[in-house]
Amino acid sequence: MSGKGAGSWPEGVEMGYATQLVHAGIDPDEKTGAILTPIYQATTYVQESVDKYLAKGFSYSRTANPTVKALEAKIAQLENGAGACCVCTGMAATVTVMTATLKAGDHCVITDCSYGGTNRAARVMFSDLGITFSFVDFRDPAIVEAAIRPNTKLIFSETPANPTLTLTDLDAVSAIAKAHGILHACDSTFSTPIMVKPIDHGCDLVIQSLTKYYDGHNQTVGGAVISATKELDERMHFYQNIHGNILSPQCSFYVLQATKTMGLRFKQQCATAQKVAEFLETHPKVQTVHYPGLASFPQKELADRQHKGGVHGTMLWFEVAGGTEAGRKLMDSVQRPWSLCENLGATESIITCPAVMTHANMLQEDRLKVGITDGFVRVSCGIEDTDDLLRALKTALDNL
Ligand code: PLP
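Residues numbered from 1 in each chain as written. Predicted model: local features only at pLDDT ≥ 70, side-chain atom pairs only at ≥ 80, totals over all residues. Heavy atoms only, no water.

Selection rule: UniProt positions are given in the numbering used here, feature names are shortened, and annotations may be inferred rather than shown by experiment.
With an unreviewed UniProt entry as reference, the chain is termed plant cystathionine gamma-synthase, source organism Tribonema minus. The Sequence similarities (unreviewed entry) field of the UniProt record for the chain holds the comment "Belongs to the trans-sulfuration enzymes family." In the Pathway (unreviewed entry) part of its UniProt record, the chain is described as follows: "Amino-acid biosynthesis; L-methionine biosynthesis via de novo pathway; L-cystathionine from O-succinyl-L-homoserine: step 1/1."

Encoded structure:
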């Protein structure tokens, strides 16, 4: 996006990040001047001649589509990647990364605390294909390094981890990966590029569930793999095409628009999360609160070093006195604006019971080992008035 004249970018001028969120990847439609990239709802693309096959860059919408391409260009720029590959869900992004980097006989060092679906994909599906996994505690880079074997091909981190919010020191783990010639993939869904850009910390591949902050309105499911190099990006697109796993033009259009406000939403949601965490710390019925913005957060030094913009995310978790029964009573009774459901990072504030919902597909012993008890309450702060959220939480807690 550069050039001369109205509507072009002045050459050599760097865009600020808020400007990038709005404009990255988008040029006015060449034919009509439409300010938004249209939804190119077409299966195939007419070629001028056999010799000029692919002259305009498109042949068939399973392989590439102009609306999806615009979103991929936007995400690649926002994450400082060499390219991005948009797939149907966040899980599809994870499966694309694992399929593209691991084959039978290979080994992967993976975090013992991640989104439940990631754990299940590794433990059940990829293990059945002859790939072995070591599930280890990524809070300590030395533990990650100690788990590396001669056949390790991938290190898979998630930070902050869903749902415990444990952090991975991305600089340290990327340095270990590089020293051993191994790829480092990071699921950065909870961070968003507003707070952390893993490629700036040496990661080779980044996973985003677009379902979360990029969409942010509970309206679509989608995923992206962002690659640090062109070669890796080509590999991801190769598997995207084989799997037939490309985000639809409709969903891409929604996410293109929603991404423009991701910075505004995320900062507002983080500010609310900070206030909710501080409130919970003072309530006598609350036993423990975890939020990277609290002084009591066990990895506070790393949170302050790794998280940019003075924010620490929109997610927190807590447990109440009275264990499972009380925790579930709270989740069942808390009133709007809170909603009891899965998903996170959206405009609506959400309360989730990971043991029953997002992490039910982990083995119970693995769940308990990382601290996901049956009464664990996960909170995703939305953009509603903080006072309304606090009032509803206080009422539910007071009535326990
Ligand atoms: N990664 C993380 C950290 C998640 O929280 C989720 C879903 O909650 C996923 C990946 C999977 O994303 P999706 O639901 O879009 O498949």
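1. Observations concerning the sheet that holds strand β5 (residues 183-187)
Selection rule: Strands were regarded as paired on the criterion that DSSP finds at least two bridges between them. Secondary structure is summarised from DSSP: a helix means a run of H or I of at least four residues, a strand means a run of E of at least two, and numbering begins at the N terminus for each. For helices, the fitted line uses only the C-alpha atoms of the stretch in contact; every axis is such a line through C-alpha atoms, and the angle between N-to-C directions lies from 0 to 180 degrees. When checking whether two residues touch, look at their non-hydrogen atoms; a contact exists if any pair is within 4.5 Å.
Pairing in this open sheet of seven strands is mixed, and the strands run β1-β7-β6-β5-β4-β2-β3 from one edge to the other. Only two strands of the sheet have a single partner each, and these edge strands are β1 (83-87) and β3 (132-136). This sheet shows a mean twist of 20° between the axes of neighbouring strands, independent of strand direction. Sheet topology note: the strand β6 (residues 205-209)/strand β7 (residues 223-227) ladder contains five bridges and is antiparallel. By the bridge assignment for β7, Ile 207 is matched with Val 225. Lying on the sheet, helix α3 (residues 90-101) is in contact with β1, β2 (107-111), β3, β4 (152-158), β5, β6 and β7; it crosses β6 at an angle near 155°. Against the sheet, helix α8 (residues 230-243) contacts β1, β5, β6 and β7, and its axis sits at roughly 15° relative to β1.

2. A closer look at the domain arrangement of the chain
Let me state the cut-off plainly: The split into domains, and so the bounds of each, comes from an automatic or database assignment of domains. Two parts lose some accessible area (1.4 Å probe) when they are put together, and adding that loss for both gives the buried area. Here a salt bridge means any side-chain nitrogen of Lys or Arg lying within 4 Å of a carboxyl oxygen belonging to Asp or Glu. As used in this structure description, the phrase polar contact means that two N or O atoms lie within 3.5 Å; if the pair is within protein, one of them must be able to donate a hydrogen and the other to accept it, and residues adjacent in sequence are counted only when both atoms belong to side chains.
Domains assigned within the chain are domain 1 (17-257) and domain 2 (262-399). Computed from C-alpha coordinates alone, the two centres of domain 1 and domain 2 are separated by 26 Å. Listed by partner, the interface residues are 39 residues for domain 1 and 42 residues for domain 2. Interface area, domain 1 with domain 2, both sides summed: about 3400 Å², of which 61% is carbon and sulfur. Contact with domain 2 buries area across many residues of domain 1, yet Leu 167, Met 195 and Tyr 213 alone supply 21% of it, more than any other trio. Taken together, the links from domain 1 to domain 2 amount to one salt bridge. Taking the shortest distance from any N to any O, the salt bridge between Asp 169 and Arg 305 comes out at 3.3 Å. For the pair domain 1 and domain 2, the interface holds 16 residue pairs in polar contact (both at pLDDT 80 or more). Residue contributions to the side of domain 1 that touches domain 2 peak at five residues, all from helix α4 (residues 116-128).

3. Points about the side chain of Asp 106
Within the secondary structure layout, Asp 106 lies in the loop between α3 and β2. Setting aside its immediate chain neighbours within four residues, Asp 106 contacts Thr 101, Gly 130, Ile 131, Thr 132, Asn 151 and Lys 153.

4. Examining the sheet that holds strand β12 (residues 377-380)
Whenever strands of a sheet pair, they do so through backbone hydrogen bonds, lying parallel or antiparallel. One open sheet accounts for five strands, arranged β8-β9-β12-β11-β10; its pairing is mixed. Unpaired on one side and paired on the other, β8 (286-290) and β10 (339-340) mark the two borders of the sheet. Bridging between β8 and strand β9 (residues 315-320) involves four bridges; their strand directions are antiparallel. Paired with Thr 288 across the two strands is Glu 319, which belongs to β9. Running at roughly 125° to β9, helix α12 (residues 323-333) makes contact with β9, β10, β11 (350-352) and β12 of the sheet.

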